[in-house]
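Residue-level listing of the chains:
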Amino acid sequence: PERPALSLGREETFEEDITDRVQAEDALLGLAMAVARRLRRPGLAGRTVTLKVKYHDFSQITRSHSLEQATSDGHRIWTACRQLLDATEVGRRPVRLLGITVSRFPPATRNRSLFPPPEEELRRNRLHQSLDAIADRFGGEAIRPGRLLDQSGNRRRS
């Protein structure tokens with residue numbers, strides 16, 4: 001507990017194995033949003049995204065990708081994971097567990113720049129602050145990407 005974190009992640013074991021890639025992408029979206037929120041709490045951002053897949057027979061693989069810039073954005077993390085899915089057998093073999101880890105946090109001094117961040121990044125940061133405030137006040141399930149909702153606005157089952 002005295003050392004700074006080297007990585008942050010989250011994983012989910014499914015009651016029933018996932019057999020469809022779209023189901024896996026939806027599960028990864030929820031995981032990516034949760035990991036991003038955990039990263040933003042202490043002000044971290046990471047460059048390496050690691051996808052963990054455990055199949056129905058308990059065999060396990062990991063695939064990683066390093067981003068050009070460190071991020072704590074759930075959609076960027078999710079996009080990297082969707083690309084990493086191509087190097088797995090998700091959709092062809094039943095999946096028992098999916099996990100996402102973000103690592104390689106640059107030192108705080110490297111995050112400082114002589115130039116202000118682009119306006120798009122400032123807007124995205126304000127959006128994340130607002131979403132995190134809603135989740136802090138009403139719980140992590142209070143706000144989620146529309147892709148994870150069914151037609152009646154309830155949480156879709158993976």
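Residues numbered from 1 in each chain as written. Predicted model: local features only at pLDDT ≥ 70, side-chain atom pairs only at ≥ 80, totals over all residues. Heavy atoms only, no water.

### Thoughts on the side chain of D73
Tracing the sequence through the fold places D73 in the loop between strand 3 (60-71) and helix 2 (74-85). A distance of 2.9 Å separates the side chain of D73 from the backbone nitrogen of R76, its partner in a polar contact. Beyond its immediate chain neighbours, meaning those up to four positions away, D73 contacts A36, R40, R124 and H128. (Helix = DSSP H or I, 4+ residues; strand = E, 2+ residues; numbered from the N terminus. Polar contact = N/O pair within 3.5 Å; in protein donor to acceptor, adjacent residues only side chain to side chain. Contact = heavy atoms within 4.5 Å.)

### Focus on the nonpolar core
One broad rule of soluble globular proteins: the nonpolar side chains tend to lie buried together. Counting residues in each nonpolar core, the largest one holds 29 residues, and the members touching the most others are L28, V49, I77, L98 and I100. Listed by contribution, the elements that provide at least two residues to this core are strand 1 (7-18), helix 1 (21-40), strand 2 (46-55), helix 2 and strand 4 (95-103). Counting residues per element, this core draws most heavily on helix 1, which supplies nine residues. For I100, the contacting residues outside a window of four places in its chain are L8, G9, R10, L28, L31, A32, V35, V49, T50, I77 and C81. (Core = buried A, V, L, I, M, F, W, Y, C linked by side-chain atoms within 4.5 Å. Buried < 20%, exposed > 50% of the residue type's maximum accessible area, 1.4 Å probe, protein only.)

### Quick word on the packing of aromatic side chains
All told, the structure shown has zero aromatic pairs when counted by the stated rule. A cation over an aromatic ring shows up here: R93 above the ring of Y55, its NZ or CZ 3.9 Å from the ring centre. (Phe/Tyr/Trp six-rings, centres within 6.5 Å; stacked < 30°, edge-to-face > 60°. Lys NZ or Arg CZ within 6 Å of the ring centre and 35° of its normal.)

### A look at the pattern of salt bridges
Proximity of charged atoms lets side chains of opposite charge pair with each other. Per the stated rule, a full pass over the model turns up seven salt bridges. Across the pair E11 and K52 runs a salt bridge, and its minimum N-O distance is 2.9 Å. Of the two residues, E11 is situated in strand 1 and K52 in strand 2; the sequence distance between them amounts to 41 residues. A relative accessible area of 44% places E11 in the partly exposed class. R96 is the salt-bridge partner of D17, the closest N and O atoms lying 2.8 Å from each other. Here the residue D17 occupies a position in strand 1, and R96 occupies one in strand 4, the gap between them amounting to 79 residues. Given a relative accessible area of 27%, D17 falls into the partly exposed group. Judged by relative accessible area, R96 falls into the partly exposed class, the value being 22%. The network of salt bridges with common partners includes R21, E25, R82 and D86. (Salt bridge = Lys/Arg side-chain N within 4 Å of Asp/Glu carboxyl O.)

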